[in-house]
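Take a look at the letters that make up each chain.
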Amino acid sequence: MWFRRDLRVEANPALEAAAALAEELRVKVVPLFVLDPELVRSGRANRMAFLYDALRSFRASGVPLVVRFGRSDDVVVSASEEFRSAAVVCTGDFSPLGRARDARVAQRLSAVGLNLQTVGSPYLVDPGSIRKGDGTPFKVFTPFRRAWEQYLGERVSPRRPSKIVSASSVPWFAGIDLERSVGLGDIPQTPAGSSKVLPRATEGAAWSRLQAFLETNLHTYDAGRNIPALDATSRLSADLKFGLLHPAQIVPLLEGGGAGASVFRSELCWRDFYADVLWHRPETAHQPFNPAMEAMEVDTGALADERFDAWCHGRTGYPFVDAGMRQLLLEGWMHNRMRMVTASFLVKDLHLDWRRGAAWFMEQLVDADVASNQHGWQWTAGTGTDAAPYFRIFNPVSQGLKFDPTGAYIRRYVPELAPFSDREIHEPWSANGGGLFGGVDGYPAPIIDHADERRESLARLGALKHAEMSPRPA
């Protein structure tokens, strides 16, 4: 059983299939995890710290997990030969890199007479399963959700009790020599540069977070999810990313939750939608979904780099934006409202390429998922599916006044502004009469004038549209 984004025992269809196959063939299950150099290189500090914690906890739960470094195709094939495997089972991976990796592994296994059997996926509906009536993929979320709901109702059977409820329910191979495996105690508890306040990465901790959310915040989620000062979101994104929970475990528990449950269910659908988009259009991980937007003028050079650095480190002079960026640096996580506000500021106030911001988020976020991250950025940048029109530009001050009216969120992450009043904390430069660029002690002046940059963004959009409509030379 080759574990990847499914580090749980319960409600794991691939593990159930492996256990059933082992019983049929009268053999045992060898659990394997591969620390592929590509995974380690792209994982970044926060995600690797969470992953290492998850691997340790998985072993502590009673799973005799074999963990090995190396290329996935080399390790899976060598392990299958070492343990004289009758089969190799895993959960499906639908990301571009995952699909390419699995194709290599399947080819190598085929050469030694084995098949790579994929069962299930990290999603409620596997990417590629839902299409429009004409057979083409959906490009807009709302009709996708209607088809998604219909698919769930017609094709996905009601949740059945998992046959495997604990590690002891699986017929593990007793002859595994974990001393030959990677000694997880030798892996740093906190890789250099990782956040010190990451959540515990255990199946039990994930369930505790889910139960707390259902009991405390589900009924008010539709409104509370927009207030970053409140602990009103589920905080389950990392658990879903690494498979400590599966959305199929969550959906049955949303029944009777009212408007909040409906909105949360919609968020799970967004996750499936973006995975579906990436499955059909893998190039959109790095290119605009709308190719015409590739021609949008963006800033480069020394000043652009300075502004990007100020944005990364929460020193733009706009408190609501800076609070979001500092939360990201401190926790390896950022509230979803703030992800939209900070992304809009980078693209439409600083006029920088959305890919720079997306890469920074991928570097810092413990829950970074290529489909959700890249397409979330494209939504805000106006380059993707269901894109916010490019002329929809978040005002970094009015967003703060609306969603953080008391300044509680700003005070938490920009403590040097704590003494300011609830109104002045959103525009600290107004407190001393120094004008927009007067600044305050210990906090930078705004690096740009939002009103000016909004006009500049609209001008660039106008120039792009004009270029599109201009007749091309014969």
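See the structure above.
A brief structural summary.

Conventions adopted
- Residues numbered from 1 in each chain as written.
- Predicted model: local features only at pLDDT ≥ 70, side-chain atom pairs only at ≥ 80, totals over all residues.
- Heavy atoms only, no water.
- Helix = DSSP H or I, 4+ residues; strand = E, 2+ residues; numbered from the N terminus.
- Rg over C-alpha atoms; globule rule 2.2 N^0.38 Å.
- Contact = heavy atoms within 4.5 Å.
- Areas by Shrake-Rupley, 256 points an atom, 1.4 Å probe, with all protein chains shown as cover.
- Lys, Arg positive; Asp, Glu negative; His and termini not counted.
- Charge placed at Lys NZ, Arg CZ, Asp CG, Glu CD.
- Buried < 20%, exposed > 50% of the residue type's maximum accessible area, 1.4 Å probe, protein only.
- Pairing = 2+ DSSP bridges.
- Right-handed = clockwise from strand over helix to strand, strands pointing away.
- Salt bridge = Lys/Arg side-chain N within 4 Å of Asp/Glu carboxyl O.
- Axes fitted to C-alpha atoms, helices over the stretch in contact; angles between N-to-C directions.
- Left-handed = near helix turned anticlockwise from the far one by under 90°.
- Nonpolar A, V, L, I, M, F, W, Y, C, P; charged D, E, K, R; others polar.
- Core = buried A, V, L, I, M, F, W, Y, C linked by side-chain atoms within 4.5 Å.
- Patch = residues over 30% accessible without salt bridge, like charges linked within 9 Å, V, L, I, M, F, W, Y side chains within 5 Å.
- Expected span 1.5 Å × (residues − 1).
- Polar contact = N/O pair within 3.5 Å; in protein donor to acceptor, adjacent residues only side chain to side chain.
- Phe/Tyr/Trp six-rings, centres within 6.5 Å; stacked < 30°, edge-to-face > 60°.

A few points about the overall build of the chain
Scanning the chain from N- to C-terminus turns up 18 helices and 5 strands. Over its C-alpha trace the chain gives a radius of gyration of 24 Å, about what one expects of a compact globule, namely 23 Å for 474 residues. In terms of overall dimensions, the chain has a C-alpha envelope of 80 × 65 × 45 Å along the principal axes. Nonlocal contacts in the chain, meaning residues at least 24 apart in sequence, comprise 76% of its contacts between residues at least 6 apart. Surface summary for the chain: the accessible area is close to 20900 Å², and the carbon and sulfur share equals 53%. Averaging the coordinates of the 54 positive side-chain charges in the chain and doing the same for the 56 negative ones gives two points 3 Å apart.

Considering the environment of tryptophan 2
Inspection of the secondary structure assignment puts tryptophan 2 in strand 1 (residues 2–3). Residues in contact with tryptophan 2, not counting those within four places in the same chain, are Leu32, Val34, Ser72, Val76, Val89, Cys90, Arg101, Asp102, Val105 and Leu116.

Topic: the pairing of strand 2 (residues 32–35)
By the alternation rule, side chains of strand 2 split into Leu32 and Val34 and Phe33 and Leu35, which are all buried. Taken together, the 2 bridges between strand 1 and strand 2 define a ladder with parallel strand orientation. Across the sheet, tryptophan 2 pairs through a bridge with leucine 32, a residue of strand 2. Bridge count between strand 2 and strand 3 (residues 66–69): 4 bridges; the pairing is parallel. If you follow phenylalanine 33 over to strand 3, its bridge partner there is valine 67. For the handedness criterion, the β-α-β arrangement of strand 2, helix 2 (residues 37–60) and strand 3 is classed as right-handed.

Re the pattern of salt bridges
Tallied over the entire structure, the rule returns 29 salt bridges. For arginine 44, the salt bridge is made with glutamate 363, and the minimal N-O distance between the two is 3.7 Å. With arginine 44 in helix 2 and glutamate 363 in helix 14 (residues 354–364), the pair connects residues that are 319 residues apart, well separated along the chain. For arginine 44, a relative accessible area of 38% corresponds to the partly exposed category. For the salt bridge of arginine 423 with glutamate 427, the shortest nitrogen-to-oxygen distance reads 2.7 Å. The class of arginine 423 is partly exposed, set by a relative accessible area of 46%.

Topic: the packing of helix 3 (residues 72–82) against helix 4 (residues 96–111)
Two elements in contact, helix 3 and helix 4, have axes whose closest approach is 9 Å; the angle formed by their N-to-C orientations is 35 degrees. Where helix 3 crosses over helix 4, the handedness of that crossing is right-handed. In this structure, helix 3 uses Ser72, Asp73, Asp74, Val76, Val77 and Ser80 to contact helix 4, whose residues at the interface are Arg101, Arg104, Val105, Arg108 and Leu109. Residue classes in the contact of helix 3 with helix 4 are distributed as 4 nonpolar, 2 polar and 5 charged.

A word on the nonpolar core
Counting residues in hydrophobic clusters, the biggest one holds 73 residues, and the most contacted among them are Phe3, Leu7, Phe33 and Phe264. Elements with a minimum of two residues in this core: helix 1 (13–25), strand 2, helix 2, helix 5 (141–155), helix 6 (203–216), helix 8 (237–242), helix 10 (258–280) and helix 15 (370–381). Here the element with the most residues in this core is helix 10; it accounts for 9 residues. Among residues more than four places away in sequence, those in contact with leucine 7 are Phe33, Leu51, Ala54, Leu55, Phe58, Phe242, Gly243 and Leu244. Core analysis: the next-biggest nonpolar cluster, separate from the first, contains 46 residues, Phe308, Leu328, Ala381 and Trp429 among them.

Side note on the side chain of serine 266
Structurally, serine 266 can be placed in helix 10. For serine 266, a relative accessible area of 11% translates into the label buried. Apart from the residues within four sequence positions on either side, serine 266 is in contact with Phe141 and Arg145.

Quick notes on the packing of helix 14 against helix 15
Helix 15 packs onto helix 14 with a crossing angle of 145 degrees between their chain directions and a minimal axis gap of 10 Å. In this structure, the crossing between helix 14 and helix 15 has a hand that is right-handed. Between helix 14, through Trp354, Gly357, Ala358, Phe361 and Met362, and helix 15, the contact on the second element is made entirely by Val370, Asn373, Gln374, Trp377, Gln378 and Ala381. Across the contact of helix 14 with helix 15, the residue classes break down as 7 nonpolar, 4 polar and no charged.

Topic: a nonpolar patch on the surface
Residues Leu39, Val40 and Phe69 make up a contiguous nonpolar surface patch of about 240 Å² in total accessible area. Assignment of secondary structure puts valine 40 in helix 2. Take valine 40: its relative accessible area is 32%, and that puts it in the partly exposed class.

A closer look at helix 12 (residues 319–331)
Compared with the 18 Å implied by 1.5 Å per residue over 13 residues, the 18 Å span of helix 12 between its first and last C-alpha is a close match. Among the 13 residues in helix 12, 11 count as buried, and that is most of the element. Within the sequence span of helix 12, burial applies to Pro319, Phe320, Val321, Asp322, Ala323, Gly324, Met325, Arg326, Gln327, Leu328 and Glu331. The inward-facing, buried residues of helix 12 contact helix 11 (302–312), helix 13 (336–349), helix 14, helix 16 (396–403) and helix 17 (408–413). Where helix 12 ends, the next residue or the one after it, glycine 332, has phi of about 70 degrees, a positive value.

Observations concerning the side chain of histidine 335
Inspection of the secondary structure puts histidine 335 in the loop between helix 12 and helix 13. Engagement of the side chain of histidine 335 in a polar contact is seen with the backbone nitrogen of arginine 337, the distance being 3.1 Å. Once residues lying within four places of it in the same chain are set aside, the contact partners of histidine 335 are Arg225, Asn226, Ile227, Pro228, Thr233 and Gln327.

Re the packing of aromatic side chains
With the rule as written, the count across this model stands at 21 aromatic pairs. Centroid distance tryptophan 270 to phenylalanine 273: 5.9 Å. Interplanar angle 75 degrees. Geometry classified as edge-to-face. Placement of both tryptophan 270 and phenylalanine 273 in helix 10 is noted, with a separation of 3 residues, approximately one turn of the helix. Assessed through its relative accessible area of 0%, phenylalanine 273 is described here as buried. Geometrically, the ring pair formed by tryptophan 270 and tyrosine 274 is tilted, given 5.3 Å between the ring centres and 45 degrees between the ring planes. Placement of both tryptophan 270 and tyrosine 274 in helix 10 is noted, with a separation of 4 residues, approximately one turn of the helix. For tyrosine 274, a relative accessible area of 8% gives the class buried.

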